[in-house]
Amino acid sequence: MAYYEKCIEIVIEQLNKFKPEKDSPEEFVEAASTSLQALSPQKRAFVLEVLSGCLRYRKILAIVVDAFYVRDGRLCPWADYSLFVVICYLATFQLEELGFQLFCNIVKSQPVAKMCKFLGFFFNPIHLCSWVKDEWSLIYETAHVRENWIDPLMRWQPEIQELIKQLEGAPASQSLPPKAKAKVTEPKEFNLTIPKPRAIPVPEPVPVMAKPRPVPPSTYQLPREHQQLEMVRRHNRRKAEERLLRANTEELRCAMPRSHGEPPVQDSKKKPRLRFPPRIQRTPKLTFYRPDNVPVKLNTAAILREGALYQRQVEKELQRVDKLVDGAGDFSEFLKWQKKMQAKDREEQLAAGECRRLQGKLSHEEAVLARQHLVQENKQKADHGKQETAQLMFQRAERRLQEERSMKELVQQVLEAQKNVKVAQTKLMKGRQQIVQEVTEESRELLQRSAEEAKEEQRQRCKLIFQLRALETQPTRKGKLVDLTQIPGYGLEGEMSIVELRERLALFKETQQREQEEKRDQIIRGRRAKSQELQNAVEQISLCRAAMGRSATLRWEEKVGAAAPPAPSRDERVLELRRRIEDRAAERRRQGALLRGSAPRAARPTPRAQLEAQHWLKLEQSRERRLRRLQRGSARGPARRLEAA
């Protein structure tokens, strides 16, 4: 029994050294095998086999031992944790190989009370068939757990229960030598001094407190500033809600211009809003500012550029007068023809814009019809897709059954392969031990070689250090005499001494300074002449601006009253597009009524139809405003050309 007790102690000691966060089980077993070389081969093989098994199945063994400490082993010390792990491993995996008698000897070599309590907990049939089986099945396959571990433990139940009874009766049967009756200690009271009774103190008079001032009511009232801020906050919130409601009802119309006096179109179903008096629209007055009153700061380039422009205009006007004196023709007929052609082009542009607008409306109607056709096609595609999904679900179920069959076959193959793991493990252990021995021998040789090389290198370094120190001790010349008046004599052209070089540099700086002063005087004279020229140019520009401003104002006042908006032109393309739009709208209403299954109601149009009508009404109004703007611009064009001429 002492033999097995020693083996179990070695295994427990090695398990206490194992740290799963840092150590690997294989490397730890190899290190343990090298440290247990002093043991006999039989004892060493038993210790390594139990140690490797405990590390391999540490997860399922930890489940049983942790539950034992939670339930029945609350009073057991945690230092015996590794002992219970070893006993659990021997009972689960090595009971048939060791034999029941050898297992009994191992158990009896340990503390009897602890073994009795742990075996009673572990071999309880209720525990084995319930939570132990379920927890182990989470790690391994259920069939493997039941056949290889649970069923063998259940077969050993009668022998284990008999062993537990023997362990329970062992302390009672042991005869202990009678002990001498010890003398009972009798406690004695402490000899303490009895305290004297305390005198009753005289009560102190209760001080009378002065009546405090009452708390002013303003302490519990909010200041007026808070009330004013609350009123402003409510007003701003109400204003924001009104703006949000207006933005939601008039969405998608923010880019449409609207005349100032025109009220916004509202839906009949929506709630009435607050109506405010319209703002007074002040008509902008045409004010003409004289160029002399505008303070404009011009740089030199702008002044010269504007002076050259006015000079060219004066030269062109003189040339034109000379040509008229010589008998050249006038451009009045050409200007009339040009005005007529521009009006014709403008009418064509307006007609083209109207065609584009109507084409957009027509494309909108066609898009609505296409959307309705697309809804019908989507319904048909959805029915077809449901049928395809049903077929795919059936195929998926068949594929899943085939996968389950293949998984069962794979599990059986894995179970068969696990039976041969122990034989391969022993072979692997022997091979690794040989490799470890070879590696240790090679490492020793390498360490010896490296030590010899390091010693040789240290000798060489010492020699070099001695040589460098000997060189440093030799005396050296640190100073050198220099004659600044002596020429170096390198044979170069223009060689001179340092004193001569300094004199020449001083003369060169004096000449350079005189040249800079002369250039500065020239620059100052040139700037003064240029500023005088710019002043003359600015005076001439102000005179030209005043004259051209007066002439442009007179021409503009003459042209504004004469311009009148021409009547809008009628185009066959526009009429044809309007007719097609009406046909498409009627077809869309019929198609929508068929889709809803009810006839369209002409008396109560839908909100969407009202929004579309408002949208197209806004487009019509904006088109008319753009037409009037173009007509005003056409009247201003000739005036600008005359100003440029």
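The structure displayed is predicted, hence computed values, not measured ones.

S.K.: What should I look at first to understand the overall build of the protein chain in this one?
M.R.: A tally of regular secondary structure across the protein chain gives 18 helices and zero strands. Burial statistics for the protein chain: of 645 residues in total, 20% are counted as buried. Relative to all contacts within the protein chain whose residues are 6 or more apart in sequence, the contacts with residues 24 or more apart total 75%. Roughly 52,900 Å² of accessible area belongs to the protein chain as shown, and the carbon and sulfur atoms make up 56% of that amount.

S.K.: Looking at this model, I keep getting lost on the nonpolar core. Mind explaining?
M.R.: The tendency in soluble globular proteins is for nonpolar side chains to be buried side by side. Of all hydrophobic cores here, the largest spans 64 residues; its most connected members are Val86, Leu90, Phe103, Leu119, Phe122 and Trp136. Broken down by element, the residue count for this core peaks at 10 residues, all from helix α5 (residues 81-93). If we ignore the near neighbours within four places in the chain, the residues touching Val86 are Ile8, Val11, Ile12, Leu15, Val50 and Cys54.

S.K.: Would you take a moment to explain the pattern of salt bridges for this structure?
M.R.: Side-chain pairing between opposite charges can occur once the charged atoms of the two side chains come close. Tallying each qualifying case throughout the model produces 15 salt bridges. Among the salt bridges present, the one from Glu230 reaches Arg233, with a minimum N-O distance of 2.6 Å. One end of the pair is Glu230 and the other is Arg233, both in helix α12 (residues 224-249) and three residues apart, which spans about a single turn. For Glu230, a relative accessible area of 31% gives the class partly exposed. Overall, the relative accessible area of 47% leaves Arg233 in the partly exposed class. Here Arg234 and Glu230 are joined by a salt bridge, their closest N and O atoms 3.6 Å apart. Note that Arg234 and Glu230 are positioned in helix α12 at a spacing of four residues, about one turn of the helix. Exposure remark for Arg234: the relative accessible area of 54% places this residue in the exposed category.

S.K.: How should the packing of helix α2 (residues 25-35) against helix α3 (residues 41-56) be read in this particular structure?
M.R.: As a packed pair, α2 and α3 sit with axes 10 Å apart at the nearest point and diverge in direction by 160 degrees. One way to sum up the angle between α2 and α3 is to call them roughly antiparallel. By crossing handedness, the relation of α2 to α3 is classed as right-handed. For the pair α2 and α3, contact is made by Pro25, Phe28, Val29, Ala32 and Ser33 and by Arg44, Leu48, Leu51, Ser52 and Leu55, respectively.

S.K.: Mind showing me how you'd approach a nonpolar patch on the surface here?
M.R.: Nonpolar side chains collect at one region of the surface, where Phe334, Leu335, Trp337 and Met341 lie side by side and expose about 400 Å² of accessible area between them. Note that Phe334 resides in helix α14 (residues 332-419).

S.K.: Whenever I open this one, the packing of aromatic side chains confuses me. Can you help?
M.R.: Aromatic ring pairs: the centre-centre distance and the angle between the two ring planes describe each pair. Summed over all chains, the structure comprises 20 aromatic pairs. Both rings, one in Phe93 and one in Trp149, keep their centres 5.4 Å apart while their planes meet at 80 degrees; by these two values the pair is edge-to-face. Remark: Trp149 occurs in helix α10 (residues 142-155) and Phe93 occurs in helix α5; sequence separation between them is 56 residues. Look at Tyr140 and Trp149: their rings are 5.2 Å apart centre to centre, the planes differ by 90 degrees, and that puts the pair in the edge-to-face class. We classify Tyr140 as partly exposed; its relative accessible area is 25%. Judged by relative accessible area, Trp149 falls into the buried class, the value being 5%.

S.K.: Can you walk me through the confidence of the model for the protein chain in this structure?
M.R.: Averaged over all residues, the pLDDT of the protein chain is 78; the fraction at 70 or higher stands at 81%. Across residues 172-180 the pLDDT falls below 50, and counting only partners more than four positions away or on other chains, this stretch makes zero contacts in the model. With pLDDT under 50 throughout, residues 641-645 is counted as low confidence; its partners more than four residues away or in other chains account for seven contacts.

S.K.: Explanation requested: a negative patch on the surface in the structure shown.
M.R.: A contiguous patch of negative charge, built from Glu438, Glu441, Glu442 and Glu445, is present on the exposed surface. Along the polypeptide, Glu441 turns up in helix α15 (residues 421-472).

S.K.: Can you help me understand the side chain of Asp80 in this one?
M.R.: Looking at the element boundaries, Asp80 is found in the loop between α4 (58-70) and α5. The class for Asp80 is buried, based on a relative accessible area of 14%. Here Asp80 is in contact with Tyr69 and Lys114, once residues within four sequence places are set aside.

S.K.: Please clarify how the side chain of Glu306 should be interpreted in this entry.
M.R.: For Glu306, the location among the structural elements is in helix α13 (residues 300-326). Using a relative accessible area of 15% as the deciding quantity, one classes Glu306 as buried.

S.K.: Help me understand the environment of Ser450 in this model?
M.R.: With respect to the helices, strands and loops of the structure, Ser450 is situated in helix α15. Relative accessible area serves as the criterion here: at 37%, Ser450 is assigned to the partly exposed category. There is a polar contact of 2.7 Å between the side chain of Ser450 and the backbone oxygen of Leu447.

S.K.: Would you mind going over helix α9 (residues 125-137) with me for this structure?
M.R.: Given 3.6 residues per helical turn, the α-helix brings residues three or four places apart onto the same face. Look at α9: 17 Å from first C-alpha to last across 13 residues, which is about the 18 Å you get at 1.5 Å a residue. A bend of about 35 degrees at Trp131 is the largest found in α9. Buried within α9 are the following residues: His127, Leu128, Trp131, Val132 and Trp136.

What counts as what
Residues numbered from 1 in each chain as written. Predicted model: local features only at pLDDT ≥ 70, side-chain atom pairs only at ≥ 80, totals over all residues. Heavy atoms only, no water. Helix = DSSP H or I, 4+ residues; strand = E, 2+ residues; numbered from the N terminus. Buried < 20%, exposed > 50% of the residue type's maximum accessible area, 1.4 Å probe, protein only. Contact = heavy atoms within 4.5 Å. Areas by Shrake-Rupley, 256 points an atom, 1.4 Å probe, with all protein chains shown as cover. Core = buried A, V, L, I, M, F, W, Y, C linked by side-chain atoms within 4.5 Å. Salt bridge = Lys/Arg side-chain N within 4 Å of Asp/Glu carboxyl O. Axes fitted to C-alpha atoms, helices over the stretch in contact; angles between N-to-C directions. Parallel < 35°, antiparallel > 145°, perpendicular 65-115°, else oblique. Left-handed = near helix turned anticlockwise from the far one by under 90°. Patch = residues over 30% accessible without salt bridge, like charges linked within 9 Å, V, L, I, M, F, W, Y side chains within 5 Å. Phe/Tyr/Trp six-rings, centres within 6.5 Å; stacked < 30°, edge-to-face > 60°. pLDDT = per-residue confidence, 0-100. Lys, Arg positive; Asp, Glu negative; His and termini not counted. Charge placed at Lys NZ, Arg CZ, Asp CG, Glu CD. Polar contact = N/O pair within 3.5 Å; in protein donor to acceptor, adjacent residues only side chain to side chain. Expected span 1.5 Å × (residues − 1). Bend = angle between axes of the 7 residues up to and from the residue.

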